[in-house]
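If you want the building blocks of each chain, they are given just below.
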Amino acid sequence: SDTPRLALPIVLVGPMGAGKSRVGQRLAASVGAPFVDTDLRIAERYGPIEEIFDREGEEYFRIVEREVVDEALREEAVISLGGGAVLHDDTRDDLAGLPVVWLQVSASAVAPRLAGGTRPLLADGGIERWSAILEARRPLYESVADFSIDTSRRSVARIVDDITGHF
Ligand code: S3P
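Values in this document were obtained by computation on a predicted structure and should not be read as measured data. (Residues numbered from 1 in each chain as written. Predicted model: local features only at pLDDT ≥ 70, side-chain atom pairs only at ≥ 80, totals over all residues.)

**Here we look at the UniProt feature "binding site: Mg(2+)" (unreviewed entry) in the protein**
This is how the line gets drawn: UniProt positions are given in the numbering used here, feature names are shortened, and annotations may be inferred rather than shown by experiment. Under the DSSP-based scheme used, a helix requires at least four consecutive residues in state H or I and a strand at least two consecutive residues in state E, with every element numbered from the N terminus. Throughout, a pair of residues is in contact if the C-beta atoms placed from their backbones lie within 7 Å.
Under the UniProt annotation, "binding site: Mg(2+)" (unreviewed entry) lies at Ser21. In this structure, Ser21 sits in helix α1 (residues 20-31). The contact partners of Ser21, leaving out residues within four places of it in the chain, are Asp37 and Ser80.

**Notes on the site of the ligand**
The following threshold applies: The rule is simple: place the C-beta atom from the backbone, and if it lies within 6 Å of a molecule or strand, the residue is near it. Just so you know the grouping, Ala, Val, Leu, Ile, Met, Phe, Trp, Tyr, Cys and Pro go in nonpolar, Asp, Glu, Lys and Arg go in charged, and all remaining residues, Gly too, go in polar.
Every residue close to the ligand is listed here: Met16, Lys20, Asp39, Ile49, Gly82, Gly83, Gly84, Arg119, Pro120 and Leu121. Its residues placed into classes, the shell around the ligand shows four nonpolar, three polar and three charged.

**Points about the UniProt feature "binding site: ATP" (unreviewed entry) in the protein**
When the UniProt feature table is mapped onto this chain, "binding site: ATP" (unreviewed entry) is found at Gly17, Ala18, Gly19, Lys20, Ser21, Arg22, Arg119 and Arg154. Spatially, the listed residues are scattered: they cover 138 residues, and their C-alpha atoms lie as much as 23.7 Å apart. Following the sequence through the fold, Gly17 ends up in the loop between β1 (10-13) and α1. Once you skip the residues sitting within four places of it in the chain, Gly17 turns out to touch Val105, Val110, Arg113 and Leu114. Tracing the chain through its elements places Gly19 in the loop between β1 and α1. With sequence-adjacent residues up to four places away left out, Gly19 is seen in contact with Leu103, Val105 and Thr151.

Structural data, given as structure tokens:
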């Protein structure tokens, strides 16, 4: 085919609700690559993420997350990282050599996406907590990303086109 072959892995980062899983799935299908969602892989191996946070705490979750991310980044796949994966120094080092897309989203667009959700970090705080977490992590996303896309008012198809057009 005349579709250019993208270098893999391609990695999606960004805050909770930015669309990393939805976009990653469609991007993977569109370039014919496997899709890896690190949160799903963690849940398959260790059980639901809320339960990990409840029983073992965030610190333990980050250790498990790093293990799964380290493994995933060696695969020729489209990879969606959990929103906090960039907190780990080794993960940021690994991302330095890879194509990384930062999916951005406004607070008003993300609020309905997160409503009624099960994310432990938003259990008591909602959208204000989400915004505070984003501000704390913004420099980390900025430091690892090759480019960013605002997903607030774009269709998934359009976002996928923007990503494939960029690389
Ligand atoms: C987290 C984001 C979640 C999940 C966990 C912690 C975070 O992933 O890894 O709840 O610290 O931002 P999503 O970004 O896929 O929601």
